[in-house]
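Chain by chain, the residues:
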Amino acid sequence: MIKSIKKRVFWLIALQRKNNLGKFLFSVSQSFMNALNNKINDPDLSGENWFLENLNHSDIKVVFDVGANVGNWSKKMKEVNPEAQIHAFEPVPNTFKKLENNLKAFPNIKLNLLGLSSESGKLNFNFYPNSSYLSSAFEHDLGKEGQSIEVDVIQGDQYCEDNHIQQIDLLKIDTEGFESMVLKGFTTMFENNKIRLVQYEYGPMAIDSKFLLSDFYKFFETKGFRVGKIYPKWIDFRPYSKEMENFILSNFVAINLNSNYLISKLEDSN
């Protein structure tokens, strides 16, 4: 009886899809879904900065900011951990100049006019001058007035070898769909258990990269990490399920199981 009523209600709602009422209901429901999935786009409210503030910073010594853009994330990291050695990567020359200007007052930051990838070399890149944070290896319609440029990239393992980096305590990746290629460039570092924490972005660009949320979970779990989604003041470490594959822009963390105490702390903070 209940199932029958539910089907009838769904049918009545579906009939409204083409009219103004249906469009309104759809818009409101989408907004609620975005909110419940933490699509806030403000690190102070989304939990991204809360995550940084709640790390044990005596353990965070070497940090990679991949997709640094103009340096806001690195600035926040320096605010909560002034002693951290940050390696920031931004491949677009115009954006890199802004990065240099924004971070010039901070010590222990190595700025690299480079992107990270699975292989070292050149990469065709789409630069959006009016919204540089949307610049990507993938062409998309989120940005306007895009410019096609060629940028230099280096494999993460190669960079670590060249710069004598033995361990990365926090690897942050925000590369508009290119996250999987960055991760694949750290094959040796992952195999040798030399990366402790990863923060990465997932969203609609996963369609372009064809590297889904399920692929992120598989990648990290096979390497001894636990994956969780960042929410305001807590992290959801539930196992992957298909209902999570919604392409709504959000941030996730992967924590090496050797830091299991941190998982408990972040999971129970709420």
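Just above sits the structure.
Residues numbered from 1 in each chain as written. Predicted model: local features only at pLDDT ≥ 70, side-chain atom pairs only at ≥ 80, totals over all residues. Heavy atoms only, no water.

## Describing the overall build of the chain
- Looking only at helices and strands, the chain features 12 helices and 11 strands.
- A compact globule built from 270 residues would reach a C-alpha radius of gyration of about 18 Å, and the chain, at 20 Å, matches this within 12%.
- Reported as C-alpha extents along the three principal axes, the dimensions of the chain are approximately 65 × 45 × 30 Å.
- For the chain, the residues scored as buried account for 47% of the 270 residues in total.
- Summarising the internal contacts of the chain: among those between residues at least 6 apart in sequence, 69% fall at separations of at least 24.
- Mean positive and mean negative side-chain charge positions of the chain (31 and 33 charges, respectively) differ by 8 Å. (Helix = DSSP H or I, 4+ residues; strand = E, 2+ residues; numbered from the N terminus. Rg over C-alpha atoms; globule rule 2.2 N^0.38 Å. Buried < 20%, exposed > 50% of the residue type's maximum accessible area, 1.4 Å probe, protein only. Contact = heavy atoms within 4.5 Å. Lys, Arg positive; Asp, Glu negative; His and termini not counted. Charge placed at Lys NZ, Arg CZ, Asp CG, Glu CD.)

## Here's the deal with the pattern of salt bridges
- Under the counting rule described, the total for this entry stands at 8 salt bridges.
- Of the charged contacts in the structure, one is a salt bridge between K172 and D65, with a shortest N-O distance of 2.6 Å. Taken together, the positions of K172 in strand β7 (residues 168–173) and D65 in strand β1 (residues 62–66) put the pair 107 residues apart, joining distant regions of the chain. Considered together, K172 and D65 belong to a single accessibility category, that of buried residues.
- The partner of R196 in a salt bridge is D169, with the nearest N and O atoms 3.6 Å apart. (Salt bridge = Lys/Arg side-chain N within 4 Å of Asp/Glu carboxyl O.)

## Side note on the sheet that holds strand β8 (residues 195–202)
- On the basis of which strands lie adjacent, the open sheet formed by 8 strands has the order β3-β2-β1-β7-β8-β11-β9-β10 and mixed pairing. The outermost strands of the open sheet, each flanked by one partner alone, are β3 (109–112) and β10 (234–236). Looking at each pair of strands side by side, their axes are set apart by 20 degrees on average, direction ignored.
- As defined by bridge partners, strand β9 (residues 225–231) adjoins β10 across 3 bridges and the pair is classed as antiparallel. Bridge pairing links Y231 to W234 in β10.
- Seen against the sheet, helix α5 (residues 72–80) touches β1, β2 (85–89), β3, β7 and β8 and runs at an angle of roughly 160 degrees to β1. (Pairing = 2+ DSSP bridges. Axes fitted to C-alpha atoms, helices over the stretch in contact; angles between N-to-C directions.)

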